[in-house]
Each structure stands twice: as structure tokens, then as C-alpha cells.
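Residue strings, one per chain:
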Amino acid sequence: MAAPKSLLKGFERTVATIKPDPAKRLTVSDPDTRGLYLRVTPAGHKSYVVVARDPGGKQVWATIGDCDDHSLAEARELAGEGVRRIRKGLVAFPKTEPEKAPETFKAVAENFIERHVKKQALRSAGETQRILETYVYPAWGERAFLSIRRADVATLLDKLEDGKAGASGTLGGPVMADRTLAALSKLFSWYQARDDDYVSPVVRGMRRTNAKDRARSRILSDDEIRVMWTTAECKGAFGAFLKLLLLTAQRRAKVAAMKWADVEDGVWTLPTEDREKGNPGALKLPALALEVMQGISPVKDNPFVFAGRGKVAMAMSDKLKKDFDEAAGLADWTLHDLRRTARSLMSRAGVRPDHSERVLGHVIAGVEGVYDRHSYSKEKGEALEALAGLVALILDPPADNVFRLGAAS
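Residues numbered from 1 in each chain as written. Predicted model: local features only at pLDDT ≥ 70, side-chain atom pairs only at ≥ 80, totals over all residues. Heavy atoms only, no water.

Peer 1: Can you explain the pattern of salt bridges? Please cite residues and give values.
Peer 2: This structure, assessed with the given rule, holds 22 salt bridges. As a salt-bridge pair, Arg226 and Asp223 come within 2.4 Å of each other at their nearest N and O atoms. Of this pair, Arg226 and Asp223 both sit in helix α8 (residues 222–232), separated by 3 residues, roughly a single helical turn. A relative accessible area of 24% places Arg226 in the partly exposed class. You can call Asp223 exposed: its relative accessible area is 51%. (Salt bridge = Lys/Arg side-chain N within 4 Å of Asp/Glu carboxyl O. Helix = DSSP H or I, 4+ residues; strand = E, 2+ residues; numbered from the N terminus. Buried < 20%, exposed > 50% of the residue type's maximum accessible area, 1.4 Å probe, protein only.)

Shown next as C-alpha cells:
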């Protein structure tokens, strides 16, 4: 039978009488036992925990158990053993017979996608899931989540940086290594917020590129545009995708998600996503863009212009780009360079900068962006017509004796 609280003394009385703080978790040390603490949650749950530093100097916390399941004497005895083990670099309280099989990395990641990414309606949801499925699951999918350490993260990033990741061992690049690191960092931080003892293996200094160094100014030259267009003629849907990237000046995700129902009477209405900062709205497509679309055969029961299997959009994978580059003989360019090229071509064709920016869907800064609510539908259509006209001129340049308008600077 437990002694009455009035007869308890010292830390034992603290354990029995302490009240929870609704605003924060309380941690109270046992003055008579080195490393032993009482932890009280805002909800009133009490447990014994131990803390000590491992051989590397890192502070390690470990849970002994509920106060209802352990007497103070038992907790003090276990605390002594736990401190000794932590100082040796061992697990404080190893479980010889786990109650259940450890969660796999894939199981935790899928829970993260459902409970955080999708629940928060993050615009990066699709890309985060693609990164995990393409680059991370092949390496860690069936491993125990808690077995993933900093060295494992570094090894995966090395493979990505060298282009040797994924199921085929041929995917990745320095930029994709950093994008994967960002996705993993969010996953690990989410899990850390749900577990008393977990610490994310991601630390500063793991990035493989510098954002400032990575800022690109690359645009395709006239000769490269001709090579790209000619090669695209033989590359089916992916080739048409590249053409529309150039002719519409839109981001790859927008063009990849284009649906037949979004285009009516030659006008493409781009859906606005949650938390999207800028969107060009409705764009009247030039004849050259519509001609490209006419060469694409709709897939029954699939709403997307670039249809994948079932009812989803086609996956514009790294392999498609790599195969295209080998066929075209092009190097050191990205799909986003086509958007920059299109913007530069519009300036070259004499399009007003503010009209070009509205085609790209950029937010117009300052007072003009706040007060000018005109749709600019006509102006955006004319800008794309000018862009398509210059592209057509580049693809079929005039004879040397014909005066050439809009020459490259």
C-alpha cells in the first residue's frame, strides 16, 4: 500500500504532488540521483527519464517509464545503469524483445505524406512524393526508420550528386541531391516533433550546391533552338512537351498538368493552386502552339494532354530528358532554361516587359501590381503570338539577302 502523501518527503513527495503546467512540459531533477529527472506533460502524464552525455559530448535523453509503473527506488537504480551505458556510447535501456517490428522508412514517409504534406495542402506534395519514390525508397524503403543515421544520408546524397541514385543507379545530380535533402529534412523534423528521443540526422553543411552559384542565366541559342525543335519532332509526347514549354513560357509543372478541358477556343485557362503567388490566368495560344497540340492524340478516359497510365499525367522523368539530350547532342541545359529563353525571345520580338512578365505569371510589384486589375488578355495573347513568330523565324531563317528582323543581340 502506498504511503500517504503527507508522509512523503523530498523528491518522492515532488513526484506525488507536482501539478502539470498546461502551457509547457515540466522537467524536474532528482537532487539525490545524478541524471534522473521527472517529466510531466501538460496533460498530467508523469514519467521518469535519464540524461547523460555520450563519448562524443552529445546530451542523450532516455525514458525509463511511467511513474505509475516504477517506484522511485526502481527509477534510481535504472537511472544509474542508464547513465553508465550512455557514457559508453550504448543505448540506455535496450529492448531485448521489441513489442512490435520497427517501422520501416517507407511506412513513416507515407504517414508523413498523409498527415503533413497532404493535410497542409502543400504545393510541393507531388514533387516530395516523387522524390521519395524515385530516389529514397530504392535505398531505404524497407530499412527501419530509426536505423537511418547521418552517414546514411551523406551516402545517399553522394550517389545523387554523382548521378548514381534510384533503382537504376543512373539518376540524380547536384541540384536533385539538395532537393532530396530538403524533403528528407522536413520528414525528419516532422518525426522529431512526434518523438521524445528522436534527433534528426540532417545538420548544417550537407548541401551539395550553393544557391547563388546555381543561379542560371542560360538561354538557348538560335542554333540550339533549331536542334531542340528538330529532335523534338521524333520524341513523341515529350518532344511536344518541350515545344509547348518554349511557346507558352510556362513552368514545366503547369504544362505537364494541362488538361484538354482547360483549353477552349484556343484559350488555355491555367488553374490556380492554393498558396500560389502568381498565375498568368487565361492565355490565348498562338497558332504554332495549337498546331503542336493537334499532333497529340487524346487518351480515352484520361483528361491530360500529356497522358500517363490510367488517369494521371505523364511523368516527365529525368530519363526522358537524358535520352533527349543524347539524341540532340545538347548539354548543360535544363527545362527551366526554355522558360528563360522564351522570356528573352519576347523582349527580342519587341514585347513590352510588363506584358512578358504577365505571360510568365510573375507578380507585378509595387503600386501597379496593387491597383492595376486589368486582365491583359489581349496583350498576353499578342505577346505569345510575337514569341511564336520569332520562333518560326528562327526555325526557318530567311535567305542572306533578306533583311532579318529581331536579330540576336
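Additional details are given in the paragraphs that follow.
Peer 1: Quick one: what's the story with the packing of aromatic side chains, residue by residue and with numbers?
Peer 2: Applying the stated rule across the entire model yields 13 aromatic pairs. Geometrically, the ring pair formed by Phe241 and Phe306 is edge-to-face, given 5.5 Å between the ring centres and 85° between the ring planes. Pair noted here: Phe241 is in helix α9 (residues 236–248) and Phe306 is in the loop between α11 (287–294) and α12 (318–328), with a separation of 65 residues, a long-range link. Comparing Phe241 with Phe306, the two get one shared label, buried. A connected cluster of aromatic rings, assembled from ring pairs, spans Phe105, Tyr137, Trp140, Phe145, Phe188, Tyr191 and Tyr198. The ring of Tyr376 has Arg358 sitting right over it, with the charged end atom 3.9 Å from the ring centre. (Phe/Tyr/Trp six-rings, centres within 6.5 Å; stacked < 30°, edge-to-face > 60°. Lys NZ or Arg CZ within 6 Å of the ring centre and 35° of its normal.)

Peer 1: Tell me about the nonpolar core, residues and numbers included.
Peer 2: Met228, Phe241, Leu242, Phe306 and Trp333 are the most contacted members of the largest nonpolar core, which totals 50 residues. Those elements giving two or more residues to this core turn out to be α8, α9, α10 (252–256), α11, α12, α13 (336–348), α14 (353–360) and α16 (377–395). Looking at this core element by element, the count peaks at 8 residues for α9. Excluding residues that lie within four positions of it along the chain, Phe306 makes contacts with Ala237, Ala240, Phe241, Leu244, Val255, Ala256, Met258, Ile296, Ala313, Met314 and Met316. (Core = buried A, V, L, I, M, F, W, Y, C linked by side-chain atoms within 4.5 Å. Contact = heavy atoms within 4.5 Å.)

Peer 1: So what's going on with the sheet that holds strand β7 (residues 282–284)? Which residues, and what values?
Peer 2: The sheet built from 3 strands is open, its strands ordered β5-β6-β7 with antiparallel pairing. Edge positions in the open sheet fall to β5 (263–264) and β7, since each of these has one partner strand only. Pairing between strand β6 (residues 267–269) and β7: 3 bridges, direction antiparallel. Paired with Thr269 across the two strands is Ala282, which belongs to β7. (Pairing = 2+ DSSP bridges.)

Peer 1: Describe the side chain of Arg339, listing the residues and the values that go with them.
Peer 2: Tracing the sequence through the fold places Arg339 in helix α13. Look at Arg339: it is buried, it has no salt bridge, and the nearest opposite charge is Glu357 at 7.5 Å. Those residues within four positions of Arg339 in sequence are excluded, and the remaining contacts are Ala249, Gln250, Arg251, Leu360 and His362. (Lys, Arg positive; Asp, Glu negative; His and termini not counted.)

Peer 1: Give me the lowdown on the side chain of Thr248, citing residues and values where you can.
Peer 2: With respect to the element layout, Thr248 can be found in helix α9. By relative accessible area, Thr248 is classed as buried at 1%. Here Leu244 takes part through its backbone oxygen, which lies 2.6 Å from a polar atom of the side chain of Thr248. If we ignore the near neighbours within four places in the chain, the residues touching Thr248 are Val255, Trp268, Leu285, Val359 and Leu384. (Polar contact = N/O pair within 3.5 Å; in protein donor to acceptor, adjacent residues only side chain to side chain.)

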